[in-house]
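If you want the building blocks of each chain, they are given just below.
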Amino acid sequence: MAEAKLKELYQQNLRKMDDLTEKQQNILKAALSLFAEQGFEATTSSQIAKRAGVAVGSVYQHFHNKRELLMAVLTPLTKSVFSQAADQFIDKTLAKKYDSLEQFLRALIADRMLFISDNRDEFKIMLGQLLSDSSLGPEINKAFNDQLKATTIPIIEHFKKEGMMVDYPSDVIVQFVLITVVN
């Protein structure tokens, strides 16, 4: 089962949000695309309105300023979209059996690199904003940690149960593996 791209999950989530009008959904989709293409700072409200097929006044009617629009774009990404992507990854990963931690880590790293590559626009927005606005850090960090824990801890628990890994707390093992992989 292939994972859906974040943009597809994002659009599916927007359609499910009953409190958003079609105009608001179009504005959010346009903003996501333009922020990824040009960056947050370089994107104007008139560009967003044009791409969304609405008047500039409609952008400000629904979102009081560009910062509020950015948060409306990022919130579904960091909450439900990453969670759905993590669920898909768990389903795909847990369907496979790994003979060793090394085999699992190689598969994990290759898969996550492909995931980042396939979703570079969304990561570009988040990383760009994370670097320019430190208040977003905790939200993005939590989404990342939640996804990492959801995808790796079940497999680590399996390796511990099979006697293939020392019985340390799983979150400590995740931290150790991350430090090792990053260095």
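Look above for the structure.
In what follows, the accompanying structure is described. (Residues numbered from 1 in each chain as written. Predicted model: local features only at pLDDT ≥ 70, side-chain atom pairs only at ≥ 80, totals over all residues. Heavy atoms only, no water.)

## Topic: the overall build of the protein
We apply this condition: Runs of E in the DSSP output that reach at least two residues are strands. Runs of H or I that reach at least four are helices, and both are numbered from the N terminus. Contacts were defined at the residue level, with two residues in contact if any of their heavy atoms lie within 4.5 Å. Reported accessibility uses the Shrake-Rupley method at a 1.4 Å probe radius. Residues are deemed covered only where the shown protein chains occlude them.
When helices and strands are counted, the protein shows 9 helices and 0 strands. N-terminal to C-terminal, the α/β element order of the protein is α-α-α-α-α-α-α-α-α. Considering only contacts in the protein between residues 6 or more positions apart, those separated by 24 or more positions represent 64%. A total accessible area of about 10,400 Å² is found for the protein, and carbon and sulfur atoms account for 56% of it.

## Regarding the pattern of salt bridges
Note that side chains of opposite charge can pair when their charged atoms are close. Under the convention used in this document: We count a salt bridge whenever a side-chain nitrogen from Lys or Arg sits within 4 Å of a carboxyl oxygen from Asp or Glu. For each residue, the accessible area found with a 1.4 Å probe, counting protein chains only, is set against the maximum for its type, and the residue is called buried under 20%, exposed over 50%, and partly exposed in between.
Under the criterion given, the structure shown has 4 salt bridges. When the shortest N-O distance is used, the salt bridge between Arg51 and Glu37 registers 2.8 Å. One end of the pair, Arg51, is in helix α3 (residues 45-52); the other, Glu37, is in helix α2 (residues 22-38), with 14 residues separating them in the sequence. Judged by relative accessible area, Arg51 falls into the partly exposed class, the value being 43%. The network of salt bridges with common partners includes Glu157, Lys160 and Asp167.

## Structural notes on the nonpolar core
What counts here: Take the buried Ala, Val, Leu, Ile, Met, Phe, Trp, Tyr and Cys residues and link them wherever side-chain atoms come within 4.5 Å; each set so joined is a nonpolar core.
Among the nonpolar cores identified, the biggest contains 27 residues, and Ile27, Leu28, Phe35, Ile48, Leu69 and Val73 are the most heavily contacted of them. Among the secondary structure elements, those contributing two or more residues to this core are α1 (6-16), α2, α3, α5 (66-94) and α7 (120-132). For this core, the element with the most residues is α2, which contributes 8 residues. Aside from chain neighbours lying at most four places away, what touches Val73 is Tyr10, Leu28, Ala31, Leu32 and Phe35. Within the second largest apolar cluster, 11 residues are counted, among which are Leu108, Ile156, Phe159 and Ile173.

## Here's the deal with the packing of aromatic side chains
Put simply, the rule reads: Pairing of aromatic rings covers Phe, Tyr and Trp, the last counted by its six-membered ring, and requires centre-to-centre distances within 6.5 Å; plane angles under 30 degrees mean stacked, over 60 mean edge-to-face, and any other angle means tilted. Both a distance and an angle decide whether a charge sits over a ring: NZ of Lys or CZ of Arg must be within 6 Å of the ring centre and within 35 degrees of the ring normal.
One pass over the full model with this rule turns up 1 aromatic pair. When the ring centre of Phe40 is taken as origin, the NZ or CZ atom of Lys66, which lies over that ring, is 4.7 Å away.

## Some remarks on the packing of α2 against α3
Convention followed: To get an axis, a line is fitted to the C-alpha atoms, and for a helix only the part in contact is used. The angle between two axes follows their N-to-C directions and goes from 0 to 180 degrees. In these notes the angle categories are as follows: under 35 degrees is roughly parallel, over 145 is roughly antiparallel, 65 to 115 is roughly perpendicular, and the rest is oblique. Handedness of a helix crossing follows the sense of rotation of the near helix relative to the far helix, less than a right angle counterclockwise being left-handed and clockwise being right-handed.
Where α2 meets α3, the closest approach of the two axes is 8 Å, and the angle between their N-to-C directions is 125 degrees. The angle between the axes of α2 and α3 places the two elements in the oblique class. Between α2 and α3 lies a crossing whose hand is right-handed. Residues Asn26, Ile27, Ala30, Ala31, Ser33, Leu34, Phe35, Glu37 and Gln38 of α2 touch α3, and the partners they reach there are Gln47, Ile48, Arg51 and Ala52.

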